[in-house]
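Remarks on the overall topology
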Amino acid sequence: MAVTLLPDVKGAFIAWARGQTDITTICPSANIKGVMPSAVDMPTFWLTCTKMGGLGSLPYLPLSLPRLDIWCFGPTAYEAFRLARTVRSCLIPVERAQGGIVGFESAGCRVVD
């Protein structure tokens, strides 16, 4: 029996983002990665996340609360903002934007805002 003690939150986000049609319509799945793009890869659409870890603001809670920074790049500032708004709309559906738990579940991880 395999036991995952620390789930791969970064991998879960990448897998989730690659599965979102609205996101992959703008940004190709090959450009959704866990690494920052180099200057050679620009200008193009790129979605990446970096794990900014720790226990969060309440270290006494018995939870692993790593944080993710999500970076959206595009050929222009407008296009990068359009990708960022699309990612946000997928993370926070309109019907849940007014409260409640926001996020997604993927690869055995629950990611919440």
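These numbers come from a predicted model, not from an experiment. (Residues numbered from 1 in each chain as written. Predicted model: local features only at pLDDT ≥ 70, side-chain atom pairs only at ≥ 80, totals over all residues. Heavy atoms only, no water.)

Moving on, we get to the packing of aromatic side chains. One pass over the structure, following the stated rule, counts two aromatic pairs. Summarising the aromatic geometry, the rings of Phe 13 and Trp 16 are spaced 5.8 Å apart at their centres and angled 35° between planes, so their arrangement reads as tilted. Remark: Trp 16 and Phe 13 occur in helix H1 (residues 9-18); sequence separation between them is three residues, near one turn of the helix. Neither residue differs from the other here; Phe 13 and Trp 16 are each classed as buried. With 6.4 Å between their ring centres and 10° between their planes, Trp 71 and Phe 73 make a pair best called stacked. Among the residues examined, Trp 71 registers a relative accessible area of 39% and is labelled partly exposed. (Phe/Tyr/Trp six-rings, centres within 6.5 Å; stacked < 30°, edge-to-face > 60°. Helix = DSSP H or I, 4+ residues; strand = E, 2+ residues; numbered from the N terminus. Buried < 20%, exposed > 50% of the residue type's maximum accessible area, 1.4 Å probe, protein only.)

Attention shifts here to the pattern of salt bridges. Across all of its chains, the model carries one salt bridge by this definition. Across the pair Arg 82 and Glu 79 runs a salt bridge whose closest N-O atoms are separated by 2.9 Å. Highlighted residues: Arg 82 and Glu 79, both in helix H3 (residues 77-91), separated by three residues, approximately one helical turn. (Salt bridge = Lys/Arg side-chain N within 4 Å of Asp/Glu carboxyl O.)

Further remarks concern the nonpolar core. Core analysis: the biggest nonpolar cluster contains 16 residues, and Ile 23, Leu 47, Leu 83 and Val 87 have the highest contact counts within it. Excluding residues that lie within four positions of it along the chain, Leu 83 makes contacts with Ile 23, Ile 26, Cys 27, Phe 45, Trp 46, Leu 47, Cys 72 and Phe 73. (Core = buried A, V, L, I, M, F, W, Y, C linked by side-chain atoms within 4.5 Å. Contact = heavy atoms within 4.5 Å.)

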